[in-house]
Amino acid sequence: MRTELSYVIGLLAGLILVVLLSVLFYIFRKNKQKKKYDERQKAIQGVAYKLGFFTLLGYFLINGCICEILKKSWGSPMEMNFIGVCLSLVVFVGYSVIKDAYVSINQKEKSYIISFAVVAILNIFCYFINSSVSAEITNIYNMNLICGITFALLTVIVIVKNIVDRIKSKKEYEV
């Protein structure tokens, strides 16, 4: 019981810290510069939201069927739901990046690459540190691994798109 209570308190403290930092970051960024998306980007983002939603819906349906067939869940409810959210996030961001609708007109991809990579590295590092220090075998640190893998995928997507765009512009310049 004590471990579960400390886990819940730690989870809530982490969520509150993330929300506070996100609000501060949002306020700082809002004052610094406005994101300006053109109509094409907004339309593509709408399609990306829709794809992300249907990915989440499909994941929940498939996961529910798998859990019903197995008559048990393959992970904790928090892990299973978080994987669905992360999967839909990858679909949304991936589609937006591929269609050039994720980065606004006055922003650079480099800031996203750095942010995504830092979040991925920190979460994966925290997972390995916490799981190696913890004497008990529990799944409470899997959320860090899931988040780390998600942001590592997003980093790869943005880097690959950036490389493809550079090659494309170089070929257009040569012609």
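In what follows, the structure referred to is the one given above.
The rules behind the values
Residues numbered from 1 in each chain as written. Predicted model: local features only at pLDDT ≥ 70, side-chain atom pairs only at ≥ 80, totals over all residues. Heavy atoms only, no water. Salt bridge = Lys/Arg side-chain N within 4 Å of Asp/Glu carboxyl O. Helix = DSSP H or I, 4+ residues; strand = E, 2+ residues; numbered from the N terminus. Buried < 20%, exposed > 50% of the residue type's maximum accessible area, 1.4 Å probe, protein only. Expected span 1.5 Å × (residues − 1). Phe/Tyr/Trp six-rings, centres within 6.5 Å; stacked < 30°, edge-to-face > 60°. Axes fitted to C-alpha atoms, helices over the stretch in contact; angles between N-to-C directions. Parallel < 35°, antiparallel > 145°, perpendicular 65-115°, else oblique. Left-handed = near helix turned anticlockwise from the far one by under 90°. Nonpolar A, V, L, I, M, F, W, Y, C, P; charged D, E, K, R; others polar. Disulfide = S-S within 2.5 Å. Contact = heavy atoms within 4.5 Å. Patch = residues over 30% accessible without salt bridge, like charges linked within 9 Å, V, L, I, M, F, W, Y side chains within 5 Å. Areas by Shrake-Rupley, 256 points an atom, 1.4 Å probe, with all protein chains shown as cover.

Draft legend 1. Inspection of the pattern of salt bridges at higher detail. Applying the stated criterion to the full structure yields 3 salt bridges. As a salt-bridge pair, K161 and D100 come within 3.5 Å of each other at their nearest N and O atoms. Here the residue K161 occupies a position in helix 5 (residues 142–174), and D100 occupies one in the loop between helix 3 (77–98) and helix 4 (109–133), the gap between them amounting to 61 residues. Residue K161 is classed as buried on the basis of its relative accessible area, which comes to 14%. Here D165 ties to K161 by a salt bridge, and the two come within 3.1 Å at their closest N and O atoms. With D165 and K161 both in helix 5 and 4 residues apart, this pair spans about one turn of that helix. Here the residues in one salt-bridge network are D100, K161 and D165, joined through shared partners.

Draft legend 2. Spotlight on helix 5. Over its 33 residues, helix 5 runs 48 Å from end to end, which matches the ideal 48 Å to within 8%, given 1.5 Å per residue. Within helix 5, the full set of buried residues consists of N142, M143, I146, C147, G148, T150, F151, L154, T155, V158, K161 and N162.

Draft legend 3. The packing of aromatic side chains, seen in detail. Under the defined criterion, the tally for this structure stands at 6 aromatic pairs. On the basis of an interplanar angle of 20° and a centroid distance of 4.6 Å, the ring pair of Y49 and F92 is categorised as stacked. With a gap of 43 residues between them, Y49 in helix 2 (residues 39–70) and F92 in helix 3 connect regions that are remote in the sequence. Judged by relative accessible area, F92 falls into the buried class, the value being 14%. In textbook terms, an aromatic cluster arises when at least three aromatic residues are bridged by ring pairs, as seen for Y112, F116 and F151.

Draft legend 4. View of the packing of helix 2 against helix 3. In contact at an axis separation of 8 Å, helix 2 and helix 3 are set at 150° when each is read in the N-to-C sense. When the axis of helix 2 is compared with that of helix 3, the two are roughly antiparallel. Handedness of the helix 2/helix 3 crossing: right-handed. Looking at the contact of helix 2 with helix 3 residue by residue, the class counts come to 16 nonpolar, 8 polar and no charged.

Draft legend 5. Local environment of the state of the cysteines. One pass over the structure, following the stated rule, counts 0 disulfides. Between C147, a free cysteine, and C86, which holds the nearest cysteine sulfur, the sulfur-to-sulfur gap is 5.8 Å. Classification of C147 as buried rests on a relative accessible area of 14%.

Draft legend 6. Spotlight on the packing of helix 3 against helix 5. Here helix 3 crosses helix 5 at 10°, and the two axes come no closer than 10 Å. Comparing their axes, helix 5 and helix 3 come out roughly parallel. Contacts between helix 3 and helix 5 involve M78, E79, F82, I83, C86, L89, V90, V93, G94, V97 and I98 on the former and, on the latter, N142, M143, I146, C147, T150, L153, L154, I157, V158 and K161. Residues belonging to the contact of helix 3 with helix 5 are distributed by class as follows: 16 nonpolar, 3 polar and 2 charged.

Draft legend 7. Summary view of the environment of V158. Relative to the assigned elements, V158 resides in helix 5. For V158, the contacting residues outside a window of four places in its chain are V97, E109, I113 and F116.

Draft legend 8. Structural view of a nonpolar patch on the surface. A contiguous nonpolar surface patch, about 470 Å² in accessible area, is contributed by V8, L12, L15, I16 and L20. Under the relative-accessibility criterion, I16 is labelled exposed at 54%.

Draft legend 9. Representation of the environment of F53 within the structure. Structurally, F53 can be placed in helix 2. For the pair F53 and F92, spaced 39 residues apart in the sequence, the C-alpha separation amounts to 8.5 Å.

Read these as spatial facts, not as claims about activity.
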